[in-house]
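# Examination of the molecular architecture
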Amino acid sequence: GGVFMHGPTFMANPLACSVSLASVNLLMQSPWQARVRNVERSLIEHLSPLAKLGSTVKEVRVLGAIGVCEMQEGLDRDGMAMVQRQLVEEGVWLRPFGKLLYTMPPFNCEELEDEHVRRIGEAMYNVASKL
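Basis of the calculations
- Residues numbered from 1 in each chain as written.
- Predicted model: local features only at pLDDT ≥ 70, side-chain atom pairs only at ≥ 80, totals over all residues.
- Heavy atoms only, no water.
- Buried < 20%, exposed > 50% of the residue type's maximum accessible area, 1.4 Å probe, protein only.
- Helix = DSSP H or I, 4+ residues; strand = E, 2+ residues; numbered from the N terminus.
- Pairing = 2+ DSSP bridges.
- Axes fitted to C-alpha atoms, helices over the stretch in contact; angles between N-to-C directions.
- Contact = heavy atoms within 4.5 Å.
- Salt bridge = Lys/Arg side-chain N within 4 Å of Asp/Glu carboxyl O.
- Core = buried A, V, L, I, M, F, W, Y, C linked by side-chain atoms within 4.5 Å.

## Points about the pairing of strand 3 (residues 100-103)
- Covered by surrounding structure in strand 3 are Leu101 and Thr103 only, the residues Leu100 and Tyr102 on the alternate face being uncovered.
- The pairing of strand 2 (residues 66-71) with strand 3 spans four bridges and is antiparallel. Pairing of glutamate 70 across the sheet is with leucine 100, part of strand 3.

## Here's the deal with the sheet that holds strand 2
- Ordered by their spatial adjacency, three strands build an open sheet running 1-2-3, and the pairing between neighbours is antiparallel. Here the strands that pair on one side only, and so sit at the sheet edges, are strand 1 (57-63) and strand 3. Averaged over all neighbouring strand pairs, the angle between strand axes comes to 10°, with direction disregarded.
- Sitting on the sheet, helix 2 (residues 32-47) is in contact with strand 1, strand 2 and strand 3, with an inclination near 165° to strand 1.
- Across the sheet, helix 4 (residues 114-128) is in contact with strand 1, strand 2 and strand 3; its angle to strand 3 comes to roughly 170°.

## Considering the pattern of salt bridges
- What the rule picks out here adds up to six salt bridges.
- The shortest N-O distance in the salt bridge between glutamate 59 and arginine 61 comes to 2.9 Å.
- Owing to a relative accessible area of 32%, arginine 61 belongs among the partly exposed residues under this scheme.
- Arginine 118 is the partner of glutamate 122 in a salt bridge, and the nearest nitrogen-oxygen pair spans 2.5 Å. Pair noted here: glutamate 122 and arginine 118 are both in helix 4, with a separation of four residues, about one helical turn.
- Assessed through its relative accessible area of 40%, glutamate 122 is described here as partly exposed.
- Shared partners join several salt bridges into a network, and the residues in it are Lys58, Glu59, Arg61 and Glu70.

## A word on the nonpolar core
- Within the largest apolar cluster, 20 residues are counted, with the highest numbers of intra-cluster contacts made by Leu50, Cys69, Leu87, Leu94, Leu101 and Met124.
- By residue number, the principal contributor to this core is helix 4, which donates six residues.
- Setting aside anything within four residues of it in sequence, one finds cysteine 69 in contact with Leu50, Val57, Glu59, Lys99, Leu100, Leu101 and Met124.

Structure follows, in structure tokens:
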């Protein structure tokens, strides 16, 4: 056996197919496009202050419900673990990846509000400003 063998996970498992179809149906019955636009507006507003950290931040970009802060330099494994701990201390769960600190708030969640995205943006700013 090889590492990360997931063949059976993706082999038309009837239960998995049924759940995925139900998930797609729920998505299509929701106002997902409006939610994505709302999340995008919030991300632009609350992530844009990161661009002021030019010595640390290379670029901030938003596309739909995805917000990315690209750092000037990548973090090694210990740096990523440190950043993740700091984010958790800020009350936000994000996973840094190399040069990227990104977020994908759940646009399919009716409870998601601008306040949640603001908190994510502030946490990202606070952590990036310490790098």
